[in-house]
Amino acid sequence: MASSFAVFRLPEVFNHRARIDNLSRPTSKSIAATCCMRNPDQKGGRNYYDLLGVTVNSNPQEIKESYRRLQKKYHPDIMGQEGHEHTILLNEAYTVLMKDDLRKDYDASIGHVRVGFGGDELNMGYSSWNGPFRPQALFVDEKACIGCRECVHNASKTFVMEETTGCARVKVQFGDDDTSIEVAVESCPLDCIHWVEREDLAVLEYLNTPRPKQGYGVFNQGWERPQNVFMAAKTFQKYQKQQQAESLRKNVKHDVEPETEAQAQARESASLKLKMERFSVVWEWMKKVSFK
Amino acid sequence: MKVKLKLKGIPLESGVELERKAEQLPWSSEIFLMSEEVGYTVASDSETTATKEETEIEIAIGIDIGTCQCSLAVWNGSEVELIRNTRNQKLMKSYVTFRDQSPSPVGGVTNQLSHEYEMLSGSSIFNMKRLIGRLDTDPIVHQASNTLPFLIQTLGIGAKPFLAALVNNMWRSTTPEEVVAIYLVELKALAEARLKRPVRDVVLTVPAAFSRFQLTRIARSCAMAGLHVLRFMPEPAAVALLYAQQQLHKDSIADSGSEKIGLIFNMGAGYCDVAIIATAGGVSQMKALAGSCIGGEDLLQNMMHHLVPDMDTRFASRGLEEIKAMGILRVATQEAIHKLSFQPSVQIDIDLGNGTRVCRVIDVQEFEEINKGVFEKCASLVTQCLHESKVAKPEYIDDVILVGGCTNIPKLKSIVMGICKRNESYSGINPLEAAVRGAALEGALASGVNDPFGSLDLLTIQINAHSIGIRADGNSFVPIIDRNTTLPARREMLFTTAHDNQTEALIVVYEQGDEQQLLLGYFKVVGIPPAAKGVPEINVCMDIDASNMLRVMAGVVMPGSGTKNPVVPLMEVRMPTADDGHGLCADALYRSLGSTLDLVTLHNKLNA
């Protein structure tokens, strides 16, 4: 994507690097359109997700609804010619985010990765990454957080206040520079901001989200989260590993007896490959990102 | 160059009849007054209308120019209203009759025919929608020249066909653009009389199969008639908008905003379009669009050839006798096809003169056998559209919307319903008025009208019906904007030179037509710094806006020069630039230039 001049690039989306002033379009109308497009760029890099007003974890249905809502606002039929540039961006973003493979590539290219751990239904990690991956990540133990807003005050691009729970959480990993993050971590009166291993982050964030709990009649209904999220995460990971190992063993056992060794091996590797595919996809992006 | 065009008023009927009509239609008296002022101008005259509408929004009117019938509709502030002519018709026959007394041809808006044969006397020109923007190498033009009762001469050299109407035993030449313009002048006068304001902006519905070149021809006709085309709308897109509005009303009652998938099948006299749409909350998103130049006219032609197998040679000379015979044959066949929609067989008994008499009984099976090809083509359009829309199963389609006159034919209905595995089609839409109503809605939307009740809280997200690309990699077509791309769209692609030290490159822009590519235009990129082949990067960018205007931009970058600025000024070209005879141009280009100015796609640039 490096070589091509800025004029043809969609201003916000592609030009992460040097921007060259827009030279084309002599008509006054399009200059106006270009100017108004520049403002969001200055506010800070907007990506496809911000453009469509969705989060990295939104599902296609949410993206579709949001896209249609925005189209109703910006489509040239409604807004006039000024909506042209913006609608092109919306279309571009929508096409990418609605196709799973394109979306993955895009996620990798901007460094925002939906960090998941295999099972799609558990893909609930909510923070995204700014810049390349680092071995450690920030995590707020929301159970301990008292909602003092100190961290949000010190590093506003990294932390946000979750309005529904009244707790702080990490929205973007390393959204601010290292010193402000350091200050934010230090400023927490309850020391509930932790540095955790990147691999554990998704599980922690998943478990940290309150979820509805089974009630008995009218009693005990409501939302719950683990008392100690770190312990819960460890148990969870252990359980997952056990399950994986078990299913692997099962496959091997079944296959060995009636088949020749080569066949068994082939089948085993195939099933392993199938199982590992979703992991390998994640690895691929990580490799891609870290080598860049 | 102004040509005054007087409009014929209401034909004289009995006095009582006229009085009754005048009561019903308060504007019928004004059409006389208005008609004196209507000019038929070749250049677009904007000076008269530009100043008046500063205080009020001018709501664009919707016009559906059909091969057979036209209609006119406008948003009246609360709903879409179809405009009736002085004979209280909502659907007006599309034809223009040339007369010898004065240069005042009259069209189907104002003219009353005593009998349909009169229309087929050689002096009336019709079916222009199938001829406009087509060259004399086009098979559609050849078919038309054999079966239409006026003169169409083809030379087969890729130029405009010669078209003439018989006026007082003399062939008077005209062009499809002129005929459409004359008709549009009448429609404009009718709308102005009804709305009591000047009309300038229009939304025109066009078939999906229309090429960009055909669109420029229609736009030219509009300019001749003093109209400005605000939007060209593929007919299915207009229907989709109307469907979105109807679903919006339903939603508000049932309060369910769930997405509905609809299949629109539109077949009129000239063209057939199929589209898949997804509608929710007043927004219709088009998923796939396909169209072809097949319609009732093909059914008619096949049937005529079946009845009179030697028709092409018999009517080759176009004397008065032949034209009369052709007219008789056409009317009889048309009636027979209409009847076959309701009854199992039909008797045809006509005298073609010269002792030739056609007397036969045709039943439905025979009719379906004759037109097997047409029906197969329709089926393939529907399946193609389903496939491209990625709707996994036909069962996922919620509504099958049938539009256009031909959807009355039971066979066609059963084909479409069979593919979609449905028993009932969507019933909330009038098949003959859907397109024009949708166009009127779009007219109101694009003019910026707001409806306090939310009836205009609508949008159709349109897609591109044909892929557009350039000639590169030898003599092949490289698409840049693919078909079914959401509009507005912008795509770019990198190319490079094919020869060492090549300093110029020719960008030849094509549109993928039904069978072959159609040339839209060409321009040269000059001043490429001499370098080994494959080094200079030529960036070609295409941009289509919501009104379907295509711009092609090209620029040159030298990699390794340290700057990403283009080395020569960028070119921006509005397409199409080609005029009539563009088939000749493409050949000439290829002959005279060979491969000296060729381009090659630059593939691995993105991974570098």
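The rules we used
- Residues numbered from 1 in each chain as written.
- Chains lettered and ligands numbered in written order.
- Predicted model: local features only at pLDDT ≥ 70, side-chain atom pairs only at ≥ 80, totals over all residues.
- Heavy atoms only, no water.
- Phe/Tyr/Trp six-rings, centres within 6.5 Å; stacked < 30°, edge-to-face > 60°.
- Helix = DSSP H or I, 4+ residues; strand = E, 2+ residues; numbered from the N terminus.
- Buried < 20%, exposed > 50% of the residue type's maximum accessible area, 1.4 Å probe, protein only.
- pLDDT = per-residue confidence, 0-100.
- Contact = heavy atoms within 4.5 Å.
- Pairing = 2+ DSSP bridges.
- Axes fitted to C-alpha atoms, helices over the stretch in contact; angles between N-to-C directions.
- Core = buried A, V, L, I, M, F, W, Y, C linked by side-chain atoms within 4.5 Å.
- Domains from an automatic or database assignment.
- Polar contact = N/O pair within 3.5 Å; in protein donor to acceptor, adjacent residues only side chain to side chain.

### Section: the packing of aromatic side chains
Inspection of the entire model under this criterion finds eight aromatic pairs over all chains. Centroid distance Y48 of chain A to Y106 of chain A: 4.2 Å. Interplanar angle 20°. Geometry classified as stacked. Pair noted here: Y48 of chain A is in helix 3 (residues 48-52) and Y106 of chain A is in helix 7 (residues 100-110), with a separation of 58 residues, a long-range link. In terms of burial, Y48 of chain A and Y106 of chain A fall into one category: buried. Geometrically, the ring pair formed by Y243 of chain B and Y426 of chain B is edge-to-face, given 5.2 Å between the ring centres and 80° between the ring planes. Of this pair, Y243 of chain B sits in helix 8 (residues 235-254) while Y426 of chain B is found in the loop between helix 14 (410-419) and helix 15 (434-446), placing the two residues 183 residues apart along the sequence.

### Some thoughts on the confidence of the model for chain A
Residues and elements named next belong to chain A. Per-residue pLDDT for chain A has a mean of 67; in total, 55% of the residues score no lower than 70. Mean pLDDT across the elements of chain A ranges from a minimum in helix 2 (residues 28-43), with 33, to a maximum in helix 6 (residues 83-98), with 89. Under a pLDDT of 50 for its full length, residues 1-45 has, in the predicted model, 80 contacts with residues more than four places off or in other chains.

### Some remarks on the sheet that holds strand 24 (residues 489-497) of chain B
Reading across the sheet, the five strands line up as 29-28-27-24-30 (chain B) and stay open at both edges, with antiparallel pairing between neighbours. Among the strands making up the open sheet, the edge pair consists of strand 29 (571-575) and strand 30 (599-601) of chain B. On average, adjacent strands in this sheet sit at an angle of 30° to one another, irrespective of strand direction. In terms of strand pairing, strand 28 (residues 550-557) of chain B meets strand 29 of chain B through five bridges, oriented antiparallel. Of the residues in strand 29 of chain B, the one forming a bridge with A554 of chain B is M571 of chain B. Along the sheet, helix 6 of chain A contacts strand 24, strand 27 (537-544) and strand 28 of chain B; its crossing angle with strand 24 of chain B, the most-contacted strand, is approximately 80°.

### Some points on the nonpolar core
Residues and elements named next belong to chain B. Residues I63, L184 and L204 are the most contacted members of the largest nonpolar core, which totals 92 residues. The residue makeup of this core includes at least three contributed by each of domain 1 (2-231) and domain 2 (234-291 + 373-461). Each residue touching I63, except ones within four places of it in the same chain, is listed here: S71, L72, L184, L187, V202, V203, L204, T205, L227, V436 and A439.

### So, the environment of Y106 of chain A
Residue and element names in this part refer to chain A. Take Y106: its relative accessible area is 9%, and that puts it in the buried class. In sequence terms Y106 and A93 are 13 residues apart; their C-alpha atoms lie 9.8 Å from each other. With residues near it in sequence (within four places) discarded, Y106 still touches N47, Y48, Y49, V96 and L97. In this structure the side chain of Y106 is engaged in a polar contact, spanning 3.0 Å, whose partner is the backbone nitrogen of Y48.

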